[in-house]
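Analysis of the macromolecular model
For reference, the chains in residue letters:
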Amino acid sequence: MATTDRQATTLALAHALSAAERGLAVIPLSRSKLPALRSPHRDDPAPSPCHGACGRLGHGVYDASSDPDRIRELFAAAPWATGYGIACGLPPHHLIGLDLDVKTGTDSTAALRELALRHLFTIPPTVVVVTPSGGRHLWLSGPSEVVVPNSAGRLAPGIDIRGAGGYLVGPGSRTGQGVYAAAPGTAHLAPAPCPRSLLRLLLPPPRAHHLVPPAADGHGQGLVQFVLAAHEGQRNTRLFWAACRAYEDGIGPALVDPLVDAALHTGLSEREARATIASAARMTGHRP
């Protein structure tokens, strides 16, 4: 390995360990911005995602850790790594990344500004990472009970969202395009809480075929059915979304118990369900 590559790996490890001190879980990345460790299941006849349950390295973001010894182990197994990725959606920050691209021919900064004006939110001071192409990554912190999915261009053209199961390239990483760096004056900041209006935009809308025709309760019955249709991995997200809609429509208090019952049927505990609904009430400006 060339001296410059060794130096890049050493620097990447140092930056990764520094990020871990802030509670961020990291993985080593190659110059292509992909996880540096290949999947141990790549040669399996019928590979199935085990998300690290096999105990071996190479499961991408599921390898992410904030433990210094584990991070050194990951980098030792990938001595060609020149960068690191920061896993989104994990405690304590439950990181959400807004990737403002400049390569699509659209003005993503203007698009975000227009969304902010239309939906009445302001991006608070937070960590901003400048990409080699001139784009920006904005770091925000989400509520623990809300799962924000990854998306590309859904919020607005040129704006990608990094949520649960995704990762952001960490500042100090060297890629084939150049170096990622924290914008001046932001490196010391913690990820700022995601504005409530923006958070609602980041959650997936319900699909029409999941809703039943309006019954006696009309819209409320549809929200309950939306929660009942949740699969594992989307139960909290659906419950939070439905509760937000209920409070915004003025039927929140009356729908608390039906939503809790629906959540219990999906496998959530009553404590989890009521905490999620209470969070939705606060998010929409109501008292739980």
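Residues numbered from 1 in each chain as written. Predicted model: local features only at pLDDT ≥ 70, side-chain atom pairs only at ≥ 80, totals over all residues. Heavy atoms only, no water.

**Thoughts on the overall build of the protein**
Counting secondary structure elements, the protein contains eight helices and 10 strands. When its C-alpha atoms are laid out on the principal axes, the protein stretches across 70 × 45 × 30 Å. In the protein, which comprises 288 residues, the share counted as buried stands at 47%. Considering only intrachain contacts with a sequence separation of at least 6, the fraction spanning at least 24 residues in the protein is 71%. With the model as given, the accessible surface of the protein reaches about 14100 Å², and the carbon-plus-sulfur share is 55%. In the protein, the 26 positive side-chain charges and the 22 negative ones have mean positions that sit 5 Å from each other. (Helix = DSSP H or I, 4+ residues; strand = E, 2+ residues; numbered from the N terminus. Buried < 20%, exposed > 50% of the residue type's maximum accessible area, 1.4 Å probe, protein only. Contact = heavy atoms within 4.5 Å. Areas by Shrake-Rupley, 256 points an atom, 1.4 Å probe, with all protein chains shown as cover. Lys, Arg positive; Asp, Glu negative; His and termini not counted. Charge placed at Lys NZ, Arg CZ, Asp CG, Glu CD.)

**Structural notes on the packing of aromatic side chains**
In total, this model carries one aromatic pair according to the counting rule given. Cation over ring: arginine 245 sits above tryptophan 241, and NZ or CZ is 4.5 Å from the ring centre. (Phe/Tyr/Trp six-rings, centres within 6.5 Å; stacked < 30°, edge-to-face > 60°. Lys NZ or Arg CZ within 6 Å of the ring centre and 35° of its normal.)

**Remarks on the nonpolar core**
Counting 48 residues, the largest nonpolar core has Ile96 and Leu259 as its most contacted members. If one sorts the elements of this core by residue count, helix 6 (residues 235–248) sits on top with eight residues. Residues contacting leucine 259, with those up to four places away along its chain left out, are Leu223, Val224, Val227, Leu239, Ala242, Ala243 and Ile277. (Core = buried A, V, L, I, M, F, W, Y, C linked by side-chain atoms within 4.5 Å.)

**Considering the sheet that holds strand 1 (residues 26–29)**
Taken in spatial order, the three strands make up an open sheet running 1-2-8, and their pairing is antiparallel. This sheet does not close on itself; its edge strands, each paired only once, are strand 1 and strand 8 (167–169). Shown here is a sheet whose adjacent strand axes are inclined to one another by a mean of 35 degrees, direction ignored. Note: strand 1 against strand 2 (residues 83–87), four bridges, orientation antiparallel. Bridge pairing in strand 2 links proline 28 to tyrosine 84. Each of strand 1 and strand 2 touches helix 2 (residues 68–77); the most contacted strand, strand 1, lies at about 15 degrees to it. (Pairing = 2+ DSSP bridges. Axes fitted to C-alpha atoms, helices over the stretch in contact; angles between N-to-C directions.)

**Quick notes on the pairing of strand 6 (residues 151–156)**
Pairing between strand 6 and strand 7 (residues 159–162): three bridges, direction antiparallel. Bridge pairing in strand 7 links alanine 152 to aspartate 160. Count of turn residues in the strand 6/strand 7 antiparallel hairpin: two residues, of which glycine 158 carries a positive phi of about 85 degrees.

**Comments concerning the side chain of aspartate 101**
In this fold, aspartate 101 is placed in the loop between strand 3 (95–100) and helix 3 (108–119). Residues in contact with aspartate 101, not counting those within four places in the same chain, are Thr106, Ser108 and Gly158.

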